[in-house]
Amino acid sequence: SAVISQKPSRDICQRGTSLTIQCQVDSQVTMMFWYRQQPGQSLTLIATANQGSEATYESGFVIDKFPISRPNLTFSTLTVSNMSPEDSSIYLCSVDNGVRVYNEQFFGPGTRLTVL
Amino acid sequence: SQKIEQNSEALNIQEGKTATLTCNYTNYSPAYLQWYRQDPGRGPVFLLLIRENEKEKRKERLKVTFDTTLKQSLFHITASQPADSATYLCALTGGFKTIFGAGTRLFVKA
């Protein structure tokens, strides 16, 4: 299994500013995923980040709003740009175990973002 | 569009009883299905995975069934304990994409 840490664990931000969330994994992984989870809602995949290539974004999410970096096999960042109160959510990064064909995912503890 | 439905109402049961949670899905043909546990303020933790050609999978007090005809999975916790109280998420994977249900909150009373 992989151990994942995220920074910051929570933040309160002003409208119009940007926040960068860091995700660190204790082992090298090919694919990293960024999710958003709003209160009482399911996890929604924002994008998949592979090292050495541009992230792949899901419908409804764009690079200008959620730029992602993946500089190496153990680290990724997600930036929430030009924030509005609608961006208040928990942001989670995850990885899969990358060993078997059928893969479970391992999640970080999440970053709780509140936008005022 | 693809949709996963889990009972949005919390499930309250007495300690020692079996908890049964339901996951229904539409417009999707997943290769496999997973169940996760999520505690408040934490990320989901993987519990069990069942493939489309498997009917049932067990792990200690946990049992998962997968009926691709009914498009339904049942998740059972036998001899439930207060420590089992959490939100349980169902997730479906097809190709390289996983979609999650909103989860069902389980409360086990001592």
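Our subject is the structure listed above.
Computed from a predicted structure; not experimentally measured. (Residues numbered from 1 in each chain as written. Chains lettered and ligands numbered in written order. Predicted model: local features only at pLDDT ≥ 70, side-chain atom pairs only at ≥ 80, totals over all residues. Heavy atoms only, no water.)

### So, the sheet that holds strand E7 (residues 68-72) of chain A
Sheet strands pair by backbone hydrogen bonding; their relative direction is either parallel or antiparallel.
Residue and element names in this part refer to chain A.
Here comes step 1: Strand order across the open sheet formed by 4 strands is E1-E3-E8-E7, with antiparallel pairing between neighbours. At either margin of the open sheet sits one strand with a lone partner, and together these are strand E1 (4-7) and E7. On average, each strand axis in the sheet is tilted by 15° relative to the strand beside it, whichever way the strands run.
Here comes step 2: Inspection of the sheet shows E1 paired to strand E3 (residues 19-25) by 4 bridges, in the antiparallel sense. Bridge pairing links Ile-4 to Val-25 in E3. (Pairing = 2+ DSSP bridges. Helix = DSSP H or I, 4+ residues; strand = E, 2+ residues; numbered from the N terminus. Axes fitted to C-alpha atoms, helices over the stretch in contact; angles between N-to-C directions.)

### Focus on the interface of chain A and chain B
Here comes step 1: In this complex, chain A contributes 17 residues to the contact, which on the side of chain B involves 19 residues.
Here comes step 2: Inspection of the region where chain A meets chain B yields 0 salt bridges.
Here comes step 3: The interface formed by chain A and chain B contains 4 residue pairs in polar contact (both at pLDDT 80 or more).
Here comes step 4: Only strand E4 (31-37) and strand E10 (105-107) of chain A provide two or more residues apiece to the side of chain A that touches chain B.
Here comes step 5: Per element, the largest residue contribution to the side of chain A that touches chain B is 3 residues, and it comes from E4(A).
Here comes step 6: For the side of chain A that touches chain B, a count of residues per class yields 8 nonpolar, 7 polar and 2 charged. (Contact = heavy atoms within 4.5 Å. Salt bridge = Lys/Arg side-chain N within 4 Å of Asp/Glu carboxyl O. Polar contact = N/O pair within 3.5 Å; in protein donor to acceptor, adjacent residues only side chain to side chain. Nonpolar A, V, L, I, M, F, W, Y, C, P; charged D, E, K, R; others polar.)

### Quick word on the pattern of salt bridges
All names here are of chain B.
Here comes step 1: All told, the structure shown has 6 salt bridges over all chains when counted by the stated rule.
Here comes step 2: Glu-56 serves as the salt-bridge partner of Arg-58, at 2.9 Å between the closest nitrogen and oxygen.
Here comes step 3: Measuring nitrogen to oxygen at the nearest pair gives 3.0 Å for the salt bridge that ties Arg-61 to Asp-84. Of this pair, Arg-61 sits in the loop between strand E6 (56-59) and strand E7 (62-67) while Asp-84 sits in the loop between strand E8 (72-77) and strand E9 (86-94), placing them 23 residues apart in sequence.
Here comes step 4: On the basis of relative accessible area, Asp-84 is assigned to the buried category, the value being 8%. (Buried < 20%, exposed > 50% of the residue type's maximum accessible area, 1.4 Å probe, protein only.)

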